[in-house]
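Architecture and fold: a report
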Amino acid sequence: MKDRLCEKGYEILNIVGKGSFSTVYRLREMKTGRHCACKVSENQKMLFREAELLRRLEHPLFPVFYDFWQQEKEACLVMEYIAGTSLEKLVGDRGRLTDRRASIIGLELASGLAYLHELPIPILHRDITPGNILIRQDGRVKLLDLGCACAVGEKGIRAGTPGFADPRQLKGSRACEAGDIYAFGKILQFMRGGRLCRLAEACIRQQPGDRPGNMRICLYALMDCMEKETEKNITGIIFGRKEKEICRNAKAVWKKSQ
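To start, this report covers the structure provided alongside it.

About the cut-offs
Residues numbered from 1 in each chain as written. Predicted model: local features only at pLDDT ≥ 70, side-chain atom pairs only at ≥ 80, totals over all residues. Heavy atoms only, no water. Pairing = 2+ DSSP bridges. Helix = DSSP H or I, 4+ residues; strand = E, 2+ residues; numbered from the N terminus. Core = buried A, V, L, I, M, F, W, Y, C linked by side-chain atoms within 4.5 Å. Buried < 20%, exposed > 50% of the residue type's maximum accessible area, 1.4 Å probe, protein only. Contact = heavy atoms within 4.5 Å. Disulfide = S-S within 2.5 Å. Axes fitted to C-alpha atoms, helices over the stretch in contact; angles between N-to-C directions.

As judged from the 7 bridges shared by strand 1 (residues 10–18) and strand 2 (residues 22–29), these two strands associate in the antiparallel manner. Bridge pairing in strand 2 places Tyr10 opposite Glu29.

Put into structure tokens, the structure is as follows:
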């Protein structure tokens, strides 16, 4: 692998993570000096699916795709390297987050998930965990690891992490938006040290039909709560021009659901 990376113009700096199916390295692109992340896995089919999905995404929540190739026994996915701290470590070190900090992280997460769910062929992440959420040094949020992602409606593929994934998803039920909404609710609960806010409680209801109907509803519920507390337009403060597109109709959708 090292020789192949050198041929491609990369130098391995260190290992940044290791999971059941893959290892992630930090690379330096020799021509530009840019640091990249390289995910290497023997499960070539899974990594190919992740690469093809990442190649299509244009949202600040997700890493930028750079390159992908397959070799004899493994595949390599090169993407944006993100310096920061996982949400898991952040909460572990500091204890529960303030309601405002948790809501800001929740807004960015909901924005990216809404984007993912509203692609022409809607995609579900299916492994939203504190370990896969990275808080950058500037405070912005990234969601990593699309290895479990699938299209809405796929059936019989078990995926997710116990404690955060919808129990129905862990049993291989048909993939639907309600699964990501459940995990989103568990993340809100995790950030608040196990305490349930009104939105988190709605997201983790046992029956999928009793949960919020889509991520736009979750997005505006958080915006509405923060704006009432601060008397400010949170959309303008939290999101840049590009991200505001995902919020345009959220208020109407939220009000209609009440």
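Moving on, we get to the nonpolar core. Leu57, Phe62, Leu87, Leu109, Ile133, Phe184 and Leu199 are the most contacted members of the largest nonpolar core, which totals 56 residues. Counting residues per element, this core draws most heavily on helix 4 (residues 99–117), which supplies 10 residues. Sequence-distant contacts of Leu109, that is, excluding residues within four places in its chain, are made with Leu61, Ile128, Ile133, Leu143, Phe184 and Ile187. Grouped together as the second largest cluster of nonpolar side chains are 10 residues, Tyr10, Leu27, Cys36 and Cys38 included.

Along the polypeptide, Cys76 turns up in strand 5 (residues 75–80). With a relative accessible area of 0%, Cys76 lands in the buried category. It is 5.7 Å that separates the C-alpha atoms of Cys76 and Lys39, two residues lying 37 residues apart in sequence. Among residues more than four places away in sequence, those in contact with Cys76 are Met1, Cys38, Lys39, Val40, Leu47, Asp67, Phe68, Trp69 and Gln71.

A few words on the state of the cysteines. Here the structure, examined in full by the defined rule, presents 0 disulfides. Left without a disulfide partner, Cys148 is nearest to the cysteine sulfur of Cys150, which lies 9.1 Å away. Residue classification places Cys148 among the partly exposed residues on the basis of a relative accessible area of 24%.

Next up on the list: the sheet that holds strand 8 (residues 133–136). Strand pairing within a sheet occurs via backbone hydrogen bonds; the two strands may be parallel or antiparallel. Reading across the sheet, the 3 strands line up as 6-8-9 and stay open at both edges, with antiparallel pairing between neighbours. Each end of this open sheet is capped by a strand with a single partner; those strands are strand 6 (84–86) and strand 9 (141–143). On average, each strand axis in the sheet is inclined to that of its neighbour by 30°, with strand direction left out of account. Bridging between strand 6 and strand 8 involves 3 bridges; their strand directions are antiparallel.

This is a description of form; function is not addressed.
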